[in-house]
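Here are the chains, one letter per residue:
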Amino acid sequence: MASSSAASRDLQKELEAKANDLSKIQKDISKNHQVRKKYTIQLGENELVLKELDLLDDDANVYKLIGPVLVKQDMAEANANVRKRIEYISAELKRLDSTLRDLEEKQNSKKEAIFKVQQRIQSLQAGKDKA
């Protein structure tokens, strides 16, 4: 009987460890969603800027805000910068999507592991009740 209570304690500790791991994974997923949201907003803003730049004439004046100062910028350079920024943000979003898929797979496997430990605890307790 003493060995079954020790086994029960071990399983309880294992369950707590797995639950803590699951909690960490869920926090990482939440952080991923927050960062993804920020990048999605930035992507929309930059696409809007690109549309506005496309509406301008080639000889139009374009200014870039650097700190408190507006600095004149070449139209082609401004266009290239915005396109490069969109490319970078899109790549970051793809990376975040990939990371999210990995985290969700880890989350699912942790949930399955927790479920199996819970089943072992229940079967151990059921065996104790019968004795």
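Residues numbered from 1 in each chain as written. Predicted model: local features only at pLDDT ≥ 70, side-chain atom pairs only at ≥ 80, totals over all residues. Heavy atoms only, no water.

Novice: I would appreciate a short explanation of a nonpolar patch on the surface in the present structure.
Specialist: A surface patch of nonpolar side chains, about 350 Å² in accessible area, is lined by Y63, L65 and L70. By secondary structure assignment, the location of L70 is in strand β2 (residues 69-73). The class for L70 is exposed, based on a relative accessible area of 57%. (Patch = residues over 30% accessible without salt bridge, like charges linked within 9 Å, V, L, I, M, F, W, Y side chains within 5 Å. Areas by Shrake-Rupley, 256 points an atom, 1.4 Å probe, with all protein chains shown as cover. Salt bridge = Lys/Arg side-chain N within 4 Å of Asp/Glu carboxyl O. Helix = DSSP H or I, 4+ residues; strand = E, 2+ residues; numbered from the N terminus. Buried < 20%, exposed > 50% of the residue type's maximum accessible area, 1.4 Å probe, protein only.)

Novice: Would you take a moment to explain the packing of aromatic side chains for this structure?
Specialist: To describe a pair of aromatic rings, you give the distance between the ring centres and the angle between the ring planes. For the structure on display, the rule yields zero aromatic pairs. Stacked on the ring of Y39, the Lys or Arg K38 has its end atom at 5.5 Å from the ring centre. (Phe/Tyr/Trp six-rings, centres within 6.5 Å; stacked < 30°, edge-to-face > 60°. Lys NZ or Arg CZ within 6 Å of the ring centre and 35° of its normal.)

Novice: Where do I start with the nonpolar core in this structure?
Specialist: Counting 12 residues, the largest nonpolar core consists of Y39, L43, L50, L53, V62, M75, A78, V82, I86, I89, L93 and L96. Secondary-structure elements contributing two or more residues to this core are α1 (2-55) and α2 (75-130). In this structure, I86 is in contact with L43, N46, E47 and L50, ignoring residues within four places of it in sequence. One finds L15, I114, V117 and I121 within the second-largest nonpolar core, a separate group that totals six residues. (Core = buried A, V, L, I, M, F, W, Y, C linked by side-chain atoms within 4.5 Å. Contact = heavy atoms within 4.5 Å.)

Novice: Could you clarify how one ought to interpret the pairing of strand β1 (residues 62-66) in this entry?
Specialist: A regular strand places its side chains on the two faces of the sheet in alternate fashion. Across five bridges, β1 lies against β2 in antiparallel orientation. When the sheet's bridge partners are listed, K64 is paired in β2 with V71. Linking β1 back to β2 in an antiparallel pair, the connection comprises two residues, with G67 at a positive phi of about 65°. (Pairing = 2+ DSSP bridges.)

Function cannot be read off these values alone, since they describe shape.
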